[in-house]
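Okay, here's what each chain looks like letter by letter:
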Amino acid sequence: MRRPALVCIILVVSTLAAYWLVRRAEFTNFDDPVYVTNNPDVFRGLTWHGVLWAFTTIHGSNWHPLAWLSHMADCEMFGGKAGGHHLVNVGLHAANAVLLFLLVRRMTRAVWRSAFVAALFALHPLHVESVAWISERKDVLSTFFGLLTLGAYARYAKKSIVRGQWSESSSEASGTPATDNGQRTTHHASRYYVLSLFFFALGLMSKPMLVTLPFVMLLLDYWPLGRFELTMHKSKLETLLPLLREKLPFFGLAGLSSAVTYWAQKIGGAVVTMQKMPLADRLANAFVSYLEYLIKTFWPARLAAYYPFSAELPETEAILGALVLVGMTVLALGLARRAPYLVVGWLWFAGTLVPVIGLVQVGSQAMADRYTYVPLVGLFVAVVWV
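The rules behind each value
Residues numbered from 1 in each chain as written. Predicted model: local features only at pLDDT ≥ 70, side-chain atom pairs only at ≥ 80, totals over all residues. Heavy atoms only, no water. Helix = DSSP H or I, 4+ residues; strand = E, 2+ residues; numbered from the N terminus. Rg over C-alpha atoms; globule rule 2.2 N^0.38 Å. Buried < 20%, exposed > 50% of the residue type's maximum accessible area, 1.4 Å probe, protein only. Contact = heavy atoms within 4.5 Å. Areas by Shrake-Rupley, 256 points an atom, 1.4 Å probe, with all protein chains shown as cover. Lys, Arg positive; Asp, Glu negative; His and termini not counted. Charge placed at Lys NZ, Arg CZ, Asp CG, Glu CD. pLDDT = per-residue confidence, 0-100. 1 Å grid on protein atoms, 1.4 Å probe; cavity = no way out; pocket = protein on both sides within 12 Å on 5 of 7 lines; lining within 4 Å. Points joined across faces, edges and corners; volume = space filled by probe spheres on them. Nonpolar A, V, L, I, M, F, W, Y, C, P; charged D, E, K, R; others polar. Axes fitted to C-alpha atoms, helices over the stretch in contact; angles between N-to-C directions. Parallel < 35°, antiparallel > 145°, perpendicular 65-115°, else oblique. Left-handed = near helix turned anticlockwise from the far one by under 90°. Salt bridge = Lys/Arg side-chain N within 4 Å of Asp/Glu carboxyl O. Expected span 1.5 Å × (residues − 1). Arc of directions from axis to C-beta. Polar contact = N/O pair within 3.5 Å; in protein donor to acceptor, adjacent residues only side chain to side chain. Core = buried A, V, L, I, M, F, W, Y, C linked by side-chain atoms within 4.5 Å.

1. A few points about the overall build of the protein chain
- The number of helices and strands found in the protein chain is 17 helices and two strands.
- Rg of the C-alpha trace for the protein chain: 21 Å, near the compact-globule value of 21 Å for 386 residues, within the 12% margin.
- Taken along the three principal axes of its C-alpha coordinates, the protein chain extends 60 × 50 × 45 Å.
- Of all 386 residues assigned to the protein chain, the portion counted as buried reaches 51%.
- Considering only residue pairs separated by 6 or more positions, the protein chain has 77% of its internal contacts joining residues 24 or more positions apart.
- Of the roughly 18,200 Å² of accessible surface on the protein chain, 67% is carried by carbon and sulfur atoms.
- Seen as two clouds, the 32 positive and the 22 negative side-chain charges of the protein chain have centres 9 Å apart.

2. Overview of the confidence of the model for the protein chain
- A residue-level look at the protein chain finds 90% of positions with pLDDT of 70 or above and a mean pLDDT of 89.
- When the criterion is pLDDT under 50, residues 163-184 qualifies, and its contacts beyond four places in sequence or with other chains add up to 42 contacts.

3. Let's talk about the layout of surface pockets
- Computed from the structure, the largest pocket encloses a volume of approximately 980 Å³.
- In terms of lining, the largest pocket is formed by 40 residues, of which the most central are Asn62, Gln265, Val356, Val362 and Tyr371.
- Within the residue set of the lining of the largest pocket, elements represented by two or more residues are helix H2 (32-37), helix H13 (248-267) and strand S2 (365-367).
- No other element matches the four residues that H13 contributes to the lining of the largest pocket.
- Residue composition of the lining of the largest pocket, grouped by class: 22 nonpolar, 13 polar and five charged.

4. A short note on the packing of helix H5 (residues 65-78) against helix H6 (residues 82-108)
- At a minimum axis distance of 9 Å, the contact between H5 and H6 shows a crossing angle of 135°. It follows that H5 is oblique to H6 by the angle criterion. When the axes of H5 and H6 are compared, the crossing they make is right-handed. Here H5 contributes Asp74, Cys75 and Phe78 to the contact with H6, which in turn contributes Gly84, His85 and Val88.
- Tallied by class, residues from the contact of H5 with H6 come to three nonpolar, two polar and one charged.

5. Focus on the pattern of salt bridges
- On inspection of all chains with the given rule, the structure shows eleven salt bridges.
- For Asp221, the salt bridge is made with Arg227, and the minimal N-O distance between the two is 3.0 Å.
- For Asp221, a relative accessible area of 0% translates into the label buried.
- Arg227 sits in the buried class, given a relative accessible area of 5%.
- The salt bridge involving Lys247 is made with Asp221; its shortest N-O contact spans 2.7 Å. One end of the pair, Lys247, is in the loop between helix H12 (236-246) and H13; the other, Asp221, is in helix H11 (residues 213-222), and 26 residues separate them in sequence.
- Through salt bridges that share partners, Glu129, Glu136, Lys138, Asp139, Lys207 and Arg370 make up one connected network.

6. With respect to helix H15 (residues 315-334)
- For H15, spanning 20 residues, the distance from its first C-alpha to its last is 28 Å, which sits close to the expected 28 Å at 1.5 Å a residue.
- Every buried residue of H15 is listed here: Ala318, Gly321, Ala322, Leu325 and Ala332. End-on, the buried residues of H15 take up no more than an arc of 115°, which puts them together on one face. Facing away from the buried side of H15 by more than 90 degrees, the exposed set consists of Glu315, Thr316, Leu323, Val330 and Gly334.
- Contacts made by the buried residues of H15 are with helix H14 (279-298) and helix H16 (340-352).

7. Considerations on the packing of H11 against H13
- Two elements in contact, H11 and H13, have axes separated by 9 Å at closest approach and are oriented at 150°. Accordingly, the angle class assigned to the pair H11 and H13 is roughly antiparallel. Contact residues: H11 offers Pro214, Phe215, Met217 and Leu218, while H13 offers Phe250, Phe251 and Ala254.
- Of the residues assigned to the contact of H11 with H13, the class counts are seven nonpolar, no polar and no charged.

8. Quick notes on the side chain of Thr57
- Structurally, Thr57 is set in the loop between helix H4 (48-56) and H5.
- Among the residues examined, Thr57 registers a relative accessible area of 12% and is labelled buried.
- Within the structure, the side chain of Thr57 is placed 2.9 Å from the backbone nitrogen of His59, a separation counted as a polar contact.
- Ignoring sequence-local partners within four residues, the contact set of Thr57 consists of Asn62, Trp63 and Trp68.

9. Regarding the nonpolar core
- Of all hydrophobic cores here, the largest spans 92 residues; its most connected members are Leu150, Trp346, Trp348, Phe349, Leu353 and Trp385.
- Among the elements that take part in this core, helix H9 (residues 137-159) stands out by supplying ten residues, more than any other.
- What Trp385 contacts, discounting residues up to four positions off in sequence, is Val104, Thr108, Ala110, Arg113, Ser114, Val117, Trp223 and Tyr341.
- Counting residues in each nonpolar core, the second largest holds eight residues, with Cys8, Val98, Phe101 and Ala115 among its members.

10. Points about the environment of Thr352
- Counting through the fold element by element, Thr352 comes out in helix H16.
- The spacing of Thr352 and Glu246 is 106 residues in sequence and 20 Å in space, taken between C-alpha atoms.
- Apart from the residues lying within four places of it in its own chain, the contact partners of Thr352 are Met209, Thr212, Val216, Leu347 and Pro375.
- A polar atom in the side chain of Thr352 sits 2.6 Å from the backbone oxygen of Trp348.

Below you can see the structure in the form of structure tokens.
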């Protein structure tokens, strides 16, 4: 058996073994009534009325129609038996682990390091909340589409031209003409681009957490895709502009999703005003949260379903969090040429947490384990490659 196939089987089996007991778990009284048990539009299963409702409602202070449709499909199959709902979450999580392995391996050609990254993702305790909580279907579902987005993008990047040079896997003999700006791309590559954009839209319709994915694509352009190489003949701006230009549709979708999400949460009364929570308190909480996420990544103890926001955080803790955040960023940037995986992994972690770090405060929680579902991938890559 080939090694990649063996790794995929091990990832699936180990994930199912770790989470198999959730089939005996029930619904919780935290959000599950809103999303499933006390929601007649969802609990009736898949109906035309329900489909229309999913695309037009901001129930739960969010617009994520595919998450609603996913819960409706579960109710169609399992009714009120929570075990089935739980196992669908587990199945999606196992699929995400396999997709992550295949993505990292395709980009880096490193089988065992990619396998270890995927294993950490599959089994890390911080991810239990996203998998074992039925209401967090939107986490595992959006990440499924997010990984498909990055997978299609990686295929596109390998077959397209930026800076007027063929990528490693493109065929120089195809005779594709260059465009006016010196870029060339094959029809085959453009199909992957459209597919990536399509998956990105589906991911945003599952959970808007993916709005930072265009920035992740830029990081991957730097490493491991190697599309952001500075030369003696090109300035930083000349190198970056084509890469930014091809991401404009992704940034457009991300901006639209952000606007719709903010509007839905404001209408639903979930957005906390500056009068109730001043900017200084938000910044202090953000710095402390970054520090706590790092600590819990390496020592996942005292995990909780709810971490209440406190306006009286110790100044020393907030300052320490700020110093760690700035210090790690400076260190990663300083080692960018020697260890590109370090800057990519760290900025993936720090950047994808921005929408949920509390600068725009939604709800009364200070932080949440589920917010690390995508960001921790960056840390896992950085640590494994180091």
